[in-house]
Every structure is written in C-alpha cells, then in structure tokens.
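# Structural description and commentary
So the chains spell out like this:
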Amino acid sequence: MLSASELEWQAEFRYRMMQDRTSLVANTETNNEPSTYSLLRSRIFFKLINGPVSINLQLQDSRILGYPSNSPGFAKNDEAKPFFHQVYLHVDNILKRNWSVQLGRFELALGQQRLIAKNNWNNIGRSFEGFLTYRKTPRGTLRLFHLINNEGYKRYDSDRYDQTIDGFYFDRSLNRLNKLGGTTVEIYYFRTGLAEAKDENRVQNYYRKTYGSRLNTRFLFFTLEAEGALQSGYLAGGNVDGLLTAVNIGINLEFLPIISAVSLGNEYISGDDGDTDKVYEGFAKPFGARHKWHGYYDYSEHKSFGDNTHNGLKEWNVKATLSGLLGFNLNIHYHNFSDAVYDKKFGDELDLIFSRKLPWEGNWSLGYALYWVDGDEPLDFTYLMISFIL
C-alpha cells in the first residue's frame, strides 16, 4: 500500500479516420471502392509518488466507432471495455547507485524501435510484462530486462517452457570525440525463448538470440544512422541464421527556406531460402516497428516479419521534410521494395504526410499512401488524425 504525497496525471485523446480500397472480405463485389472507418483511442495516466517509489497506471479505451460489439445506439453493455495498458511499480536510486527498477506491465522502446517498439501507430499499442532495471549516467544508459510473453506454469512445471525475452541494451554518448555534432553508440543482446507444441502433449524449448549495434552521429549538417544485427538459435527442424542491416544518410537543410531535411536509406532484412536444408535465414522482428521504417501501406507480401520463414526485404528509400508551408509541415517518403531471397520486386510506395501543431497540446496530420506493383492497379490509403495530450 502506497500513501502518495504527490499525484501526476496525463490524458490522451486520439481520433483517426482511415480510408482504403483493399477489401478484407473474400469474393466481395465492392473491391476497389472506398471503405472508411474511424479509430478512437483514449488514455489517462496516473503516477502516485512517494519519495523514490511510484505506482504508475495507464487506463486505455480502444475502439472502432460504430462497431457492433460497442452496442452504439442500444441500451446494452459495451464489450469494448477499458483496460490497463500500463501498470507498474517504479523505484529510483536503488542502493544510492542511480539504479532504477520497474516491475509490472509497461511500454518499452529501445533505440530506433526496429526490434523493440511501442507500436504507437496501432490503435492499442504494445505493452510488455516483466522486469526492467536501468542505470543512467551523463555518458550513457544500461538497461537489463526480463520480459514474459507466455507464462506456462498451468501446463508445464518448468520455466524453460515459458516464452520470455532476456537481454540488455546499452547506449553510450561519444560527444567528446565529436565537437561539431554528436555521436551515440548502442550495443544490445537478447534471447527469445520460444516454447512450441510438439506431438500434441509435449513442447520443445526453441530460442532465438539477437545481438547487434547501432551508430547515430551528426557532423555539421550531415547525419548518419546505421544498425546491424545477427540472429542465431534453434527452431523445429533447423538452426537460425538471420541478418538485419540499415544505413540512413541525411542532410540537415534548415538554413534553406522550405526544405528542412533530405535523406537516403537502405533497409535489409534477410529472408529464408527454401532451397537450404535445416537452416532458417529469415531475420525475425515480431516486436519491431513497421510503419516507421517500411511505409504506411500494409502490403501483404512484406507486412510482418514475425518469424524466421519469410522472404525478407530489400528496401531503398528517399525522404524529405518540408516546412513553412502556411504553417504546415510535409514529409515525403518514397520506398522501393524487393524480397531478399530471389530479388523479386514487391512494389513502390509514395507517402505524403501533412502535419501541424494545434493549440492546447494538439496535433493534426493528414496522410496519403500510394502503393503500386508493375502491371497491377495501384493501391492507396488515406488517414486523418487528430490528437491531444493534456
């Protein structure tokens, strides 16, 4: 029981209207006609503080407006019930060593979120459950975590059948070596336990190990962001041998009147070659961000990299940020997608995102994504989003 001497709170409201032309219904006669629906996400966060100890609770309601289970217009129960997106205990300054400890259900975003992300675009978002401890210093931060994705104590009497993520993430500032900008180096490792069904009554303890590093540096008006990761382990029928690389080079052009920044990037996610025996070459990132790096359109061929059996991705992208357009900002993103095994082209995507800050901590954005495959009719997607954080 915590008798709080201080209370902090924050409320969030986000509305997003979506429109696309891709039907989710098989054999429909209305394919390629506009389909519009509205997503609503509301959150309220409470932080009860007593010295170095705090209890943090975030209540969330996520819904599609007008969905039948909401019972709109009827005097019936609403099945879209609020739930705790986050609820955790946080303790600072453990043993007076500047260590912090977090226990419970919480969001976790590591680095640029390629591998561990909050998935904030999603109407629900992602939370992890488990244990996090970290130590912050002026030079960097070390994080250690034990995350529990599937606790199997009711079926199996051994911890090795639980699905967990154990690892560390360390970032170090090297600004002293770069007087004309800033440099950060990140190193990480985590092991993902994967208990899978076998022979109906037994499970086999499979796993993946991911280890990598990331560099982010600025020099004068140039930027470089690079990340590389290897993946090993053992799954049913073979070993894991995956690779992820990313290189993004940018130029800060804020001294120009309209164009603020331009960047050129390459993202590579290895794919599984079906001709190899007992080896899974695909790189799995089931908890990583997708829209942030791979475009806004959820094209089915490269929508998810949740396991090690996909065809991977080779991507080139060009991005530009324009500002001062009657108070609006405009982000223009072009992506070229191919698979990483056979070098077969998936398609191209163009994203246009207008955004503007509103009074009272509000934001407004309008996005349009156009995806085209050679020889096929183009696919498009539009959204309008308004959010407030109070």
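This text follows the structure it describes.
Presented here is a report on the structure given in the accompanying data block. Worth saying up front: this structure is predicted, and the values here are computed from it rather than measured.

The subject of this paragraph is the pairing of strand S4 (residues 83-94). Sheet topology places strand S3 (residues 53-64) next to S4; 8 bridges connect them, and they run antiparallel. Bridge pairing in S4 links Ser54 to His90. Summarising the sheet, S4 and strand S5 (residues 99-106) pair through 6 bridges and their orientation is antiparallel. Counted as the bridge partner of Ile94 is Trp99 from S5. Where S4 hands over to S5, the hairpin turn is made up of 4 residues, of which Leu95 adopts a positive phi near 55 degrees.

Turning next to the side chain of Asn266. By the secondary structure assignment, Asn266 is in strand S13 (residues 259-269). In terms of polar contacts, Asn266 uses its side chain to reach the backbone carbonyl oxygen of Glu315, at 3.1 Å. Each residue touching Asn266, except ones within four places of it in the same chain, is listed here: Thr245, Ala246, Val247, Asn248, Glu315, Trp316 and Asn317.

Attention now goes to the layout of surface pockets. If you add up the space inside the second largest pocket, you get close to 550 Å³. What lines the second largest pocket is a set of 25 residues, among which Thr223, Glu225, Asn248, Gly250 and Ser263 lie closest to the centre. When residues of the lining of the second largest pocket are traced back to their parent elements, those giving at least two are strand S10 (202-219), strand S11 (222-235), strand S12 (238-252), S13, helix H1 (291-294), strand S15 (313-325) and strand S16 (328-338). At 5 residues, the largest contribution of residues to the lining of the second largest pocket is made by S12.

Moving on to the pattern of salt bridges. In this structure the tally under the stated criterion is 14 salt bridges. A salt bridge links Arg114 to Glu225; its shortest N-O distance comes to 2.6 Å. With Arg114 in the loop between S5 and strand S6 (128-137) and Glu225 in strand S11, this pair connects stretches of sequence that are 111 residues apart. When sorted by exposure, Arg114 lands in the same class as Glu225, which is buried. Across the pair Arg114 and Glu267 runs a salt bridge whose closest N-O atoms are separated by 2.9 Å. With a gap of 153 residues between them, Arg114 in the loop between S5 and S6 and Glu267 in strand S13 connect regions that are remote in the sequence. Glu267 matches Arg114 in its accessibility class, with the two residues each being buried. Taken together, the salt bridges that share partners define one network made up of Arg114, Glu186, Arg214, Glu225, Glu227 and Glu267.

Each value, and the rule that gives it
Residues numbered from 1 in each chain as written. Predicted model: local features only at pLDDT ≥ 70, side-chain atom pairs only at ≥ 80, totals over all residues. Heavy atoms only, no water. Pairing = 2+ DSSP bridges. Helix = DSSP H or I, 4+ residues; strand = E, 2+ residues; numbered from the N terminus. Polar contact = N/O pair within 3.5 Å; in protein donor to acceptor, adjacent residues only side chain to side chain. Contact = heavy atoms within 4.5 Å. 1 Å grid on protein atoms, 1.4 Å probe; cavity = no way out; pocket = protein on both sides within 12 Å on 5 of 7 lines; lining within 4 Å. Points joined across faces, edges and corners; volume = space filled by probe spheres on them. Salt bridge = Lys/Arg side-chain N within 4 Å of Asp/Glu carboxyl O. Buried < 20%, exposed > 50% of the residue type's maximum accessible area, 1.4 Å probe, protein only.

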